[in-house]
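Structure assessment
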Amino acid sequence: MDFTTFSSGAAASSAAVVLLCGEEAYFREKGLQLLKARASGGFLRVASTETSWTRLADDLYTPSLLGGTKVVAVADEGNFFHNHAADLSAYLSQPSPAAILVGLVPGKTPAVSGRSLVVVECRPLRGLDLQRWAAAEFQRRGKTADRSAVQLLVGRAGAELSALEGHVENLVQHAGRRASVTAEDVRALVADEASHEVYELALAAASKKPDRALEIAHRLLDGREPPQSILWKLAWQYRKMVEARKLLDAGTPPYEVPPRLQITFYADEFLALVRAHAPDELLAKHARILETDLALKSSGGGLDVLLMEKLVCELALDPRRRPAPTATPVS
């Protein structure tokens, strides 16, 4: 089941084992908090590297001195639940009546099934789902948020849910007695960190520094910045470079170009890179970004990293450098 269904409460009320599986650590931890709140008999959390299945079974079957139901959580730091899938299946056939086992599994769901097992998919949110989540967080705190405010917040803060939650909390406090949070509130409180780093990526690629560009791209992806968001911002940067090139070629004074195009980071470096590119090269690379966006949408998410790496290398390619001709052996 998805996390929203699980958080409603009813779906996992009779579960003996709950596996919170997936990449989104925020949902895994939130799910554990929900279950911990029901722990009338106490709570125990252990790392998988600090226990064994035998010790875990002892903890589960030993009744709490407080009475009631206890929650025993295992943070899987390797492949604990995958390696003990058979043990878990056997446990599900006769689970402890005095405990709930919670597995925090950052990867794929173990091959386990059982009547009293609940598997919760903790997947990262993207696109409209991320915006809906942010809007719901405002509503949960008694506020509404303009659509433009939610879009701006997600665009500036990125897709990391714990960071987004912190921004929502700050914006609600900032709004005070006002019923709604606006885009102006977001501009006042939330720095455009993601766009700043994507700008660094664009500069590194345009500077023909593929190693540096790949390093920044990996950092953005590891930080759960959605690939489509990175592409949208990259396309914006390259579009601005095309516009800047046209302005310079039309005789616009260089100092007027960055403010006209709303370039706020590294204006001097931006102009230098624009001058170093021919107009047709900038247009071709902007087109490659749009082509990659289409490829990502049709790939179903399985090739995100590969497609992004390929694009970054292509953006960092200097078309003036040609491979050295291969010598023809003389017979």
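See the structure above.
So, here's what we can say about the structure. (Residues numbered from 1 in each chain as written. Predicted model: local features only at pLDDT ≥ 70, side-chain atom pairs only at ≥ 80, totals over all residues. Heavy atoms only, no water.)

1. Description of unusual backbone geometry
Positive phi, close to 60 degrees, is recorded for Lys208, a residue that is not glycine. On the secondary structure map, Lys208 appears in the loop between helix H10 (193-206) and helix H11 (210-222). (Helix = DSSP H or I, 4+ residues; strand = E, 2+ residues; numbered from the N terminus.)

2. Observations concerning helix H7 (residues 147-157)
Within H7, burial applies to Ala149, Val150, Leu153, Val154 and Arg156. Directly beyond the C-terminal end of H7, a positive phi value near 90 degrees is found at Gly158. (Buried < 20%, exposed > 50% of the residue type's maximum accessible area, 1.4 Å probe, protein only.)

3. Observations regarding the packing of aromatic side chains
A complete count under the given rule lists 8 aromatic pairs for this structure. Pairing Phe3 with Phe27 gives two aromatic rings, centres 4.6 Å apart and planes at 20 degrees, and the pair type is stacked. With a gap of 24 residues between them, Phe3 in helix H1 (residues 3-7) and Phe27 in helix H2 (residues 25-36) connect regions that are remote in the sequence. With relative accessibility at 12%, the residue Phe3 sits in the buried group. Using a relative accessible area of 6% as the deciding quantity, one classes Phe27 as buried. Judged by centre distance (5.9 Å) and plane angle (65 degrees), the rings of Tyr26 and Phe27 are edge-to-face. Phe27 matches Tyr26 in its accessibility class, with the two residues each being buried. Chaining the aromatic ring pairs together yields one cluster made of Phe3, Phe6, Tyr26, Phe27 and Trp133. (Phe/Tyr/Trp six-rings, centres within 6.5 Å; stacked < 30°, edge-to-face > 60°.)

4. A word on the pairing of strand S3 (residues 70-75)
In terms of burial, S3 is a largely internal element, 6 of the 6 residues being buried. Of the two faces of S3, both are covered, the one formed by Lys70, Val72 and Val74 as well as the one formed by Val71, Ala73 and Ala75. Where strand S2 (residues 43-47) and S3 come together, 5 bridges link them in parallel fashion. Bridge pairing links Leu44 to Val72 in S3. For the crossover that starts at S2, traverses helix H3 (residues 53-61) and ends in the parallel S3, the hand is right-handed. In this sheet, strand S4 (residues 99-105) lies alongside S3 in parallel orientation, the contact comprising 6 bridges. Within the sheet, the bridge partner assigned to Ala75 lies in S4 and is Leu104. (Pairing = 2+ DSSP bridges. Right-handed = clockwise from strand over helix to strand, strands pointing away.)

5. A few points about the environment of Ala278
Counting through the fold element by element, Ala278 comes out in the loop between helix H14 (267-275) and helix H15 (279-299). C-alpha separation for the pair Ala278 and Arg212, spaced 66 residues apart in sequence, amounts to 22 Å.

6. Let's talk about the sheet that holds S4
Overall, parallel pairing links the 5 strands, which are arranged S2-S3-S4-S1-S5 in an open sheet. The two strands at the open ends of the sheet, each matched to only one other strand, are S2 and strand S5 (117-121). Geometrically, the sheet is characterised by an average inter-axis angle of 15 degrees between neighbouring strands, direction not taken into account. Those strands touched by H3 are S2, S3 and S4, and its axis lies near 160 degrees from that of S3. (Axes fitted to C-alpha atoms, helices over the stretch in contact; angles between N-to-C directions. Contact = heavy atoms within 4.5 Å.)

7. Description of the packing of helix H6 (residues 127-140) against H7
Helix packing geometry: the angle between the two helix axes and the distance between the axes. Axis separation between H6 and H7 bottoms out at 9 Å; the angle between their running directions is 115 degrees. Judged by the sense of rotation from one axis to the other, the crossing of H6 with H7 is right-handed. Here Leu130, Gln131, Ala134, Ala135 and Phe138 of H6 come into contact with H7, specifically with Val150, Gln151, Leu153 and Val154. Of the residues assigned to the contact of H6 with H7, the class counts are 7 nonpolar, 2 polar and no charged. (Left-handed = near helix turned anticlockwise from the far one by under 90°. Nonpolar A, V, L, I, M, F, W, Y, C, P; charged D, E, K, R; others polar.)

8. A look at the pattern of salt bridges
Under the criterion given, the structure shown has 23 salt bridges. Among the salt bridges present, the one from Glu291 reaches Arg288, with a minimum N-O distance of 2.7 Å. Linking Glu291 with Arg288, this pair stays in helix H15, spanning 3 residues, or about one helical turn. Accessibility expressed as a relative area gives 43% for Glu291, which makes it partly exposed. Across the pair Glu314 and Lys310 runs a salt bridge, and its minimum N-O distance is 2.7 Å. Taken together, the positions of Glu314 and Lys310, both in helix H16 (residues 304-315) and 4 residues apart, correspond to about one turn of that helix. (Salt bridge = Lys/Arg side-chain N within 4 Å of Asp/Glu carboxyl O.)

9. Topic: helix H5 (residues 85-93)
Those residues of H5 that sit buried are Ala85, Leu88, Tyr91 and Leu92. What you see down the axis of H5 is that its buried residues fit within an arc of 120 degrees, all on one side. Residues of H5 that are exposed and angled more than 90 degrees away from the buried face: Ala86 and Ser93. Close packing links the buried residues of H5 with strand S1 (17-21), H3, helix H4 (80-83), S4 and S5. (Arc of directions from axis to C-beta.)

10. A short note on the packing of H7 against helix H8 (residues 161-175)
Look at H7 against H8: their axes get within 11 Å of each other, and the N-to-C directions meet at 135 degrees. Considering their axes alone, H7 and H8 lie oblique with respect to each other. Between H7 and H8 lies a crossing of right-handed hand. Where H7 approaches H8, its residues Leu153, Val154 and Ala157 are matched on the opposing element by Leu164, His167, Val168 and Leu171. (Parallel < 35°, antiparallel > 145°, perpendicular 65-115°, else oblique.)

11. Let's talk about the side chain of Ser48
Here Ser48 shows up in the loop between S2 and H3. Those residues in contact with Ser48, other than ones at most four positions away along the chain, are Val74, Ala75, Asp76, Glu77, Gly78 and Phe80.

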